[in-house]
Amino acid sequence: SAVEYGLDAPFSVEYHDSIPSTNARARDLAAEGESDTVVLADEQTGGRGRLDRDWHSPSGGIWLSVLFRPDVPMAHAPVFTLAAAVAVTRAAREAGVEAGIKWPNDVLVRHGDEERKLVGILTEMEGEADRVSWVVVGIGVNANVDPADLPDEANPTSLSTERGEPLDRRLFTQRLLEEFDALRQDTGRVVEAWREYATTLGKRVRVETPGGPIEGEAVDIQFPGALVIETASGTEVVSAGDCEHLRPV
Ligand code: BTX
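Not measured: the values here are computed from a predicted model.

A. Up close: helix α1 (residues 22–31). Looking at α1, one finds that the buried residues are Thr22, Asn23, Ala26, Leu29 and Ala30. Looking straight down α1, one finds its buried side chains confined to an arc of 115°; they lie on one side. Elements that come into contact with the buried residues of α1 comprise β1 (12–19), β2 (37–44), β3 (62–68), β6 (114–128) and β7 (131–141). Gly33 sits one or two residues past α1 and shows a positive phi near 95°.

B. Layout of the domain arrangement of the protein chain. On domain assignment, one finds that the protein chain holds domain 1 (12–197) and domain 2 (204–248). Here domain 1 and domain 2 have C-alpha centroids that lie 22 Å from each other. Across the boundary between the two partners, domain 1 contributes 15 residues, which contact 16 residues of domain 2. At the boundary of domain 1 with domain 2, total buried surface from both sides reaches about 1,300 Å², with 69% on carbon and sulfur atoms. Interface area lost by domain 1 to domain 2 is led by Arg50, Trp103 and Val191, which between them contribute 42%. Linking domain 1 to domain 2 there are one salt bridge. Asp220 serves as the salt-bridge partner of Arg195, at 2.7 Å between the closest nitrogen and oxygen. Counting across the domain 1 and domain 2 interface gives seven residue pairs in polar contact (both at pLDDT 80 or more).

C. The arrangement of the pairing of β1 in detail. Of the pairings in the sheet, the one linking β1 to β2 comprises seven bridges and is parallel in character. When the bridges of β2 are listed, Ile19 appears paired with Gln44.

D. Local environment of the pattern of salt bridges. Counting across every chain of the model gives 21 salt bridges. With its nearest N and O atoms 3.0 Å apart, the salt bridge here joins Asp71 to Arg131. Highlighted residues: Asp71 in the loop between β3 and α2 (78–94) and Arg131 in strand β7, separated in sequence by 60 residues. By relative accessible area, Asp71 is classed as exposed at 64%. Here Asp181 makes a salt bridge to Arg184, at a shortest N to O gap of 2.8 Å. Taken together, the residues Asp181 and Arg184, both in helix α4 (residues 169–184) and three residues apart, mark about one turn of the helix. We classify Asp181 as buried; its relative accessible area is 13%. Its relative accessible area of 15% is what places Arg184 among the buried residues.

E. Geometry of the packing of α2 against helix α5 (residues 190–197). One way to put it is that α2 packs onto α5 with a least axis distance of 9 Å and a crossing angle of 45°. Considering the angle they form, α2 stands oblique to α5. Crossing of α2 against α5: the hand is left-handed. Across from Val79, Leu82, Ala83, Ala85, Val86, Thr89, Arg90 and Arg93 in α2, the residues of α5 making contact are Val190, Val191, Ala193, Trp194, Glu196 and Tyr197. Residues of the contact of α2 with α5, tallied by class, amount to 10 nonpolar, one polar and three charged.

F. Inspection of the nonpolar core at higher detail. Among the nonpolar cores identified, the biggest contains 59 residues, and Trp103, Ile139 and Phe172 are the most heavily contacted of them. The greatest single-element share of this core, amounting to 11 residues, is contributed by α2. The next biggest cluster of nonpolar side chains, apart from the first, holds nine residues, and it includes Ile19, Ala26, Ala41 and Leu67.

Reading the values: rules and limits
- Residues numbered from 1 in each chain as written.
- Predicted model: local features only at pLDDT ≥ 70, side-chain atom pairs only at ≥ 80, totals over all residues.
- Heavy atoms only, no water.
- Buried < 20%, exposed > 50% of the residue type's maximum accessible area, 1.4 Å probe, protein only.
- Helix = DSSP H or I, 4+ residues; strand = E, 2+ residues; numbered from the N terminus.
- Arc of directions from axis to C-beta.
- Contact = heavy atoms within 4.5 Å.
- Domains from an automatic or database assignment.
- Buried area = accessible area lost by both parts, 1.4 Å probe.
- Salt bridge = Lys/Arg side-chain N within 4 Å of Asp/Glu carboxyl O.
- Polar contact = N/O pair within 3.5 Å; in protein donor to acceptor, adjacent residues only side chain to side chain.
- Pairing = 2+ DSSP bridges.
- Axes fitted to C-alpha atoms, helices over the stretch in contact; angles between N-to-C directions.
- Parallel < 35°, antiparallel > 145°, perpendicular 65-115°, else oblique.
- Left-handed = near helix turned anticlockwise from the far one by under 90°.
- Nonpolar A, V, L, I, M, F, W, Y, C, P; charged D, E, K, R; others polar.
- Core = buried A, V, L, I, M, F, W, Y, C linked by side-chain atoms within 4.5 Å.

This is how it looks when you write it as structure tokens:
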């Protein structure tokens, strides 16, 4: 069912009941010269995660992409993934769900030793090294969806499940976009805000990268989004784009 969004957002909003992928649509809008636009859908039929993985997007979720044109070099773009994670975590906490951020792009809810995936974020961009042309930040929130309809291996959860009642998607999206808008204009504050909600820091982790696995203690995050790991042989700094998988060890 279509949600009455009517958002009062610092972006123009294009709403779809169903669309293959809001990120794909936002990329098309970027090619047409648009900016400061949000593409929002109730359902996606071809949602994408990182590394071309599938993102299941049944009706009832908040599947959205923010298209904008920040004045930053390409290398800084990962900070917008962190900004989105902070924004969505704050909105979730306001909705009564104690979410935390797992580096680089997952927002999770902890149940004992288990972490359940609530949100996925996929940032895409184009431009020159010294200045991006556009950035699309795709945010997939399992809002009013049944985790049983999501892939089991990801250990998914949803806001409605965590709350025990449905969520007002309009209100949530409004808060999410307000927070994101503030952070995208003040990227120097993003890393500090991110640390507040991080579940990854202070833990032993193993990160799979194209250059092989890196294992050690995750000690910090660095602008614009790299993880600092103390390994047996010294300090390693892993960029978000090089993380294929991270698990606690
Ligand atoms: P990721 O590569 O970190 O995670 C993808 C993995 O997550 C999948 O392989 C699957 O195991 C698991 N998964 C799939 N769907 C869900 C789900 N709904 N909840 C929990 N786990 C799931 C994360 O990629 C980035 C996802 C971005 C999604 C947004 S939605 C709006 C925008 N449009 C689009 O096509 N993608 C983005």
